[in-house]
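# Descriptive structure summary
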Amino acid sequence: MHRRYTLADIAKRFSLKLQGREGVAIEPGTHVDGLATLMSAGVSQLGFFTNIAYRDQLQKTNAAAVILKESAVEDCPVPCLVADNPYLAYAKISVLFDIAPLRSSGIHASAVVDPSANVAASASIGPHCVIEAKAIIGEGVVLGAGCVVGEGSIIGARGYLHGRVTVYHGVTVGEDVVIHSGAVIGSDGFGFAPDFSMGGNGWCKIHQLGGVVVGNRVEIGANTCIDRGALDDTVIGDGVIIDNLVQIAHNVKIGNNTAIAACTGIAGSTEIGQNCTIAGAVGIVGHLKIADRVHITAKSLVTGSISKAGSYSSGTAMSPTSAWRKNAVRFSQLDSLFQRVRALESNRTDS
Amino acid sequence: MHRRYTLADIAKRFSLKLQGREGVAIEPGTHVDGLATLMSAGVSQLGFFTNIAYRDQLQKTNAAAVILKESAVEDCPVPCLVADNPYLAYAKISVLFDIAPLRSSGIHASAVVDPSANVAASASIGPHCVIEAKAIIGEGVVLGAGCVVGEGSIIGARGYLHGRVTVYHGVTVGEDVVIHSGAVIGSDGFGFAPDFSMGGNGWCKIHQLGGVVVGNRVEIGANTCIDRGALDDTVIGDGVIIDNLVQIAHNVKIGNNTAIAACTGIAGSTEIGQNCTIAGAVGIVGHLKIADRVHITAKSLVTGSISKAGSYSSGTAMSPTSAWRKNAVRFSQLDSLFQRVRALESNRTDS
Amino acid sequence: MHRRYTLADIAKRFSLKLQGREGVAIEPGTHVDGLATLMSAGVSQLGFFTNIAYRDQLQKTNAAAVILKESAVEDCPVPCLVADNPYLAYAKISVLFDIAPLRSSGIHASAVVDPSANVAASASIGPHCVIEAKAIIGEGVVLGAGCVVGEGSIIGARGYLHGRVTVYHGVTVGEDVVIHSGAVIGSDGFGFAPDFSMGGNGWCKIHQLGGVVVGNRVEIGANTCIDRGALDDTVIGDGVIIDNLVQIAHNVKIGNNTAIAACTGIAGSTEIGQNCTIAGAVGIVGHLKIADRVHITAKSLVTGSISKAGSYSSGTAMSPTSAWRKNAVRFSQLDSLFQRVRALESNRTDS
């Protein structure tokens, strides 16, 4: 089931140097069939060493070979694949051992494809997919089972939609995009005008007339939602990576290469810069501008624009609940405490 | 693709006054085919002006006409559609330009409909839908591709379920309800009795015997979950609007016209009043009562009942992580700080 | 539609004592067809009494009989089903009245099952399901409409997947597992190596080579996501219960019988002990170890390992927004306040 490669082959493909410390025999023809951690790697698996904290694990590894930096060769009891950036080399090599099933091109008999849709011959359309009128499915695209691509939407070349992804109408997805199961792209933004005056009908829906534009090389996690714009489009830049269960509201713009971890929500019309890293469960309110290279720590709430690169946080530290309860009550008395301290200070000054 | 309307037609349909400041020529037969922001609107699009902060944009707009208040006519270089409530007028007009595909009535050949289900002739049942025994699908209902409607569940007239919505058995959905893709209505509430005594079997599932009742004119966002009740029903009132990725636990009751933004979670048996606005990523613990007209700000945790209308919050302000870290540590020492200040105060009093 | 049982039958099945206080006539042949709260229970329904706060409701109930402790018999105006643990007895009895539709065994004609998959004859495969190559579906398993089971994945005996569950390739699900609609098991972990040097390609995907192992008697909520491991597997222990919209990242390990409420997110490689209870909307950062029997309160952020059983919290108390705003600003000045108090204290000492 797993594919096999020789050490020489891997070294050549990824421009790595195959070498070893004195006494380690290098056999370029040794076959490897997987990647594993230093501790669990067997004699047919590659390990990798990127964190000095695991140096003792390196010294005891049984891996067929280890991907590492030149400086670690002397600590390695087995052959080495020397890389300038071992973590990146590991990432690149990982594709060789991916066990995700290959999909053959063609349209499954149970898929429902509108005659006006344009599906590339090299695309693979899984069982029970639905492709609506005028949709365009690019070369080499894979749609897993049960995907829906709405009217006029475009999936760029080599896109991979896992099973049960929904793309509404009027959505443009760039090339080399991965979307995980359950993700919804192009649902209505949450826009309603209040109509609660006499004779009013309550919340009046604002029909969402914009679309969603997803750039190239984007990854979108499972059950993540990206709403269509109210008037203009919601825009996800090139190289953006988005984890599971993330909410991106209408007219949000995400700059290139920004990473967003799971459970984060970004409210309407907020613009996030490039190369930002948003940790998990962050909340960002609407209509803000976040500069490039901003990092937000986990579970923070961002209520104002951020104009300067750097790391930002909100929240409190964790403690045992019994202690926390006392401090949390005190939080509600903080402003008055400041006044009491000021009174003490002015008293001291007076005296 | 877009529909076109004359200014006169729009003025008449929505009871707006078509007028202009001196020197602006009004041509009632001018066609418009879209809505746009003041800055991006072209000569065939309507703009709207609702926020005085954008007055300079109004003064420079190229829109075919602008929806605005009487008082703004003098600032507008193009024809005006005068409304008492321009934002509401914009919302109402937006339906004219919605590009969502129209669905023709009938049941797609690939749908699986139990013979005992009752599907109105005017309903549109998309590809790969499943309608189980005794379910009732009302007049004009649209089920997008891949929806599942469980045994005995009811979708009221003119409901619009986008693709891949799941409605379990025993769920009643009112009229004019919109449900977005991936939403799940009627999944089991999270109810388990601990059975960890000697010979026990761990968590013993409490079968959830209630259903879900969704009122009229409700909107439910993508990938939102509404659990069925343990004994009685979970109830969503009329006119409630719910954003994406919201969790509503068993036996929650949401009052009419309450709005709930994305990523919010409401725990079991809590009752929310009418006309509340719950911002994004709010958490509300179980068994609480929240009064009418309560507003909860983003990412707050509500741990107690709220008996009075008003706005409520929890959490801390955001700051650079380096500063935040110091303050967060101090939070854990707050109670002791209060005692130190009290000591200082009593010392002052003593002296 | 509902099933009916006599009181005598229920008493026998669940080893309860059918009795009553003086003057209450016991008719073992009385039929009951449902469970309800003390207040709403009619003469053909069972009630249960587990919380002394509802004693007045017990005294007024019209239920056919009430499940309760021996000590409450004297307060009960109707026949009693006496249990050592009435809440557990209620949970066990609840299965009798579950209205979830029964699924007959067999594979629906519209399902797409790879010839190399192994589906037990007693399994029920719903409409539009997709079962990929070499997948194994155990005895008595139910797959609701539109489920996808990926290549080589295993669903153990008596598993119940509600409609539209996605199980990726290489996932092993134990016996007696319930998975709710929209859940995604085995999506890629969020692993990328940065490649932003000159000529780099941005985030380089780390292919996720591990799988997911779900134990026995696990329940997984609607739209919950469990990612596959990067190298090793993500592991969910036996008896774990997980609510809706929960995110479990790659290589997380959850100990047996731990309960996780809705909207919680657990980041990569964190290990949670056994018998923990994680409340709703909790965030747990990556690479932590949480001991057995730890409780985390709602919406807390856990940023460090926890080595001792007990309850832990973070966050602040809720207050009216106007007061909260003042205190939240003060939070950002906390560290300086501590210094001011220290100055006052040293001043006092000096004088």
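Residues numbered from 1 in each chain as written. Chains lettered and ligands numbered in written order. Predicted model: local features only at pLDDT ≥ 70, side-chain atom pairs only at ≥ 80, totals over all residues.

### Side note on the overall build of chain A
In plain terms, the rule: By definition, any uninterrupted DSSP run of H or I lasting at least four residues is a helix, any uninterrupted run of E lasting at least two residues is a strand, and each is numbered from the N terminus. Each radius of gyration reported is based on C-alpha atoms, and the globular scaling rule is 2.2 Å times the count of residues to the power 0.38. Each residue is classified by how many other C-beta atoms fall within 10 Å of its C-beta atom, where C-beta atoms are placed from the backbone; a count of 20 or more means buried, 12 or fewer means exposed, and values in between mean partly exposed. Any residue pair is listed as a contact if its two C-beta atoms, each placed from the backbone, are within 7 Å.
When its secondary structure is counted, chain A shows five helices and 40 strands. The C-alpha radius of gyration of chain A comes to 27 Å, more than 25% above the 20 Å expected for a compact globule of 351 residues. The principal-axis extent of the C-alpha atoms belonging to chain A is close to 80 × 80 × 35 Å. A burial count over chain A gives 57% of its 351 residues as buried. Sequence separation of at least 24 residues holds for 21% of the intrachain contacts in chain A that already meet a minimum separation of 6.

### Description of the relation of the copies chain C and chain B
To keep it simple, the criterion reads: Copy-to-copy superposition: least squares on the C-alpha atoms, limited to residues that have pLDDT of at least 70 in both copies.
Mapping chain C onto chain B leaves a residual RMSD of 0.0 Å; the transformation is a rotation of 120° accompanied by 0.0 Å of translation along its axis. The symmetry that links the two subunits is that of a three-fold axis. When C-alpha distances to the rotation axis are compared across chain C, the minimum falls at C:Gly315, with a value of 3.4 Å.

### A look at the pairing of strand E22 (residues 192-195) of chain C
All names here are of chain C. This is how it is decided: Pairing between two strands is assigned when DSSP locates at least 2 bridges connecting them.
By the bridge criterion, four bridges tie E22 to strand E23 (residues 202-205) in an arrangement that is antiparallel. Its bridge partner lying in E23, Pro194 is registered against Trp203. Hairpin remark: E22 followed by E23, antiparallel, with six residues in the connecting loop; positive phi at Gly199, about 80°.

### Points about the sheet that holds strand E18 (residues 166-167) of chain C
All names here are of chain C. The strand order across the open sheet formed by 10 strands is E9-E12-E15-E18-E21-E26-E29-E32-E35-E38, and the pairing between neighbours is parallel. With partners counted over all chains shown, the strands left at the sheet margins are strand E9 (112-113) and strand E38 (301-302), one partner each. As defined by bridge partners, strand E21 (residues 184-187) adjoins strand E26 (residues 225-227) across three bridges and the pair is classed as parallel. Within E26, the position partnered with Val184 by the bridge is Cys225.

### Focus: the domain arrangement of chain A
Operational definition: What counts as a domain boundary in this text is fixed by an automatic or database domain assignment.
With domains assigned, chain A is organised as domain 1 (5-97), domain 2 (106-312) and domain 3 (322-346). On a C-alpha basis, the centroid separation for the pair domain 2 of chain A and domain 3 of chain A is 44 Å.

### So, the environment of A:Ile206
Residue position: A:Ile206 is located in the loop between strand E23 (202-205) and strand E24 (212-214). In this structure the C-alpha to C-alpha distance between A:Ile206 and A:Leu231, which are 25 residues apart in sequence, comes to 9.9 Å. When near neighbours in sequence (up to four residues on either side) are disregarded, A:Ile206 contacts A:Gly191, A:Phe192, A:Ala193, A:Ala230, B:Ala91 and B:Ser94.

### Details of the pairing of strand E39 (residues 310-313) of chain A
Within a regular strand, side chains alternate between the sheet's two faces. Relative to E39(A), strand E37 (residues 294-296) of chain A runs parallel, the two sharing three bridges. Paired with A:Val294 across the bridge in E39(A) is A:Gly310. Strand direction decides the pairing type here: E39(A) and strand E40 (residues 319-320) of chain B, joined by two bridges, are antiparallel. Bridge assignment links A:Ser313 to a residue of E40(B), and that residue is B:Ser319.

### Side note on unusual backbone geometry
Residue and element names in this part refer to chain B. Residues other than glycine seldom take positive phi values, yet Asn257 does so here, at roughly 65°. Looking at where Asn257 falls in the secondary structure, it is placed in the loop between strand E30 (253-254) and strand E31 (259-260). Given 23 C-beta atoms within a 10 Å radius, Asn257 is considered buried.

### Observations concerning the environment of B:Ala193
Its location among the elements puts B:Ala193 in strand E22 (residues 192-195). In this structure, the C-alpha to C-alpha distance between B:Ala193 and B:Ile266, residues 73 residues apart in sequence, is 20 Å. Sequence-distant contacts of B:Ala193, that is, excluding residues within four places in its chain, are made with B:Cys204, B:Ile206, C:Tyr87, C:Leu88 and C:Ala91.

### Here we look at the interface of chain C and chain B
Short version of the rule: Side-chain classes are defined by residue name, with Ala, Val, Leu, Ile, Met, Phe, Trp, Tyr, Cys and Pro counting as nonpolar, Asp, Glu, Lys and Arg as charged, and the others, Gly among them, as polar.
The partner chain B presents 62 residues to the 64 residues of chain C that form the contact. Of all the secondary-structure elements, those providing two or more residues to the side of chain C that touches chain B are helix H3 (86-94), strand E40 (319-320), helix H4 (321-331) and helix H5 (334-350) of chain C. Residue contributions to the side of chain C that touches chain B peak at seven residues, all from H5(C). Considering only residue class, the side of chain C that touches chain B consists of 32 nonpolar, 22 polar and 10 charged.

### Remarks on helix H4 (residues 321-331) of chain A
The condition is simple: The arc refers to the directions leading from the helix axis to the C-beta atoms.
For H4(A), every residue scored as buried is listed here: A:Trp324, A:Asn327, A:Ala328, A:Arg330 and A:Phe331. One side of H4(A) carries all its buried residues, which in axial view fall inside an arc of 155°.

### Re the interface of chain A and chain C
Accessible area lost when the parts come together is the quantity often used to give the size of an interface. Taken together, the contact pairs 64 residues of chain A with 62 residues of chain C. Residue assignment for the side of chain A that touches chain C shows that the elements contributing at least two residues are helix H3 (86-94), strand E40 (319-320), H4 and helix H5 (334-350) of chain A. Here the side of chain A that touches chain C is composed, by residue class, of 32 nonpolar, 22 polar and 10 charged.

### A few points about the environment of C:Ile272
All names here are of chain C. Take Ile272: it is sitting in strand E33 (residues 271-272). On the basis of neighbour count, Ile272 is assigned to the buried category, with 27 C-beta atoms found within 10 Å. Note: C-alpha distance between Ile272 and Val252 (20 residues apart in sequence) is 7.8 Å.

### Describing the nonpolar core
What counts here: We call a set of buried Ala, Val, Leu, Ile, Met, Phe, Trp, Tyr and Cys residues a nonpolar core when their C-beta atoms link them within 7 Å.
With 342 residues, the main nonpolar core has A:Val66, B:Val66 and C:Val66 as its most contacted residues. Those residues in contact with B:Val66 that lie beyond four places of it in its chain are B:Gly47, B:Phe48, B:Phe49, B:Leu58, B:Thr61, B:Cys76, B:Val78 and B:Cys80. If you look at the next biggest cluster of nonpolar residues, it comprises 23 residues, including A:Ala328, A:Leu337, B:Leu337 and B:Val341.

### Details of the sheet that holds strand E32 (residues 265-266) of chain B
Residues and elements named next belong to chain B. What the 10 strands build is an open sheet, ordered E9-E12-E15-E18-E21-E26-E29-E32-E35-E38; its pairing is parallel. Strands with a single pairing partner mark the edges of an open sheet, and in this sheet they are strand E9 (112-113) and strand E38 (301-302). As paired elements, strand E18 (residues 166-167) and strand E21 (residues 184-187) share two bridges and run parallel to each other. Across the sheet, the residue bridging to Val167 is Ile185, located in E21.

### Considering the confidence of the model for chain A
How we decide: For every residue, the predictor reports its confidence as pLDDT, a number between 0 and 100.
Per-residue confidence for chain A gives a mean pLDDT of 96; residues scoring 70 or more make up 99%. Model confidence for the complex: the whole-complex pTM is 0.97, and ipTM, which rates the interface, is 0.96.

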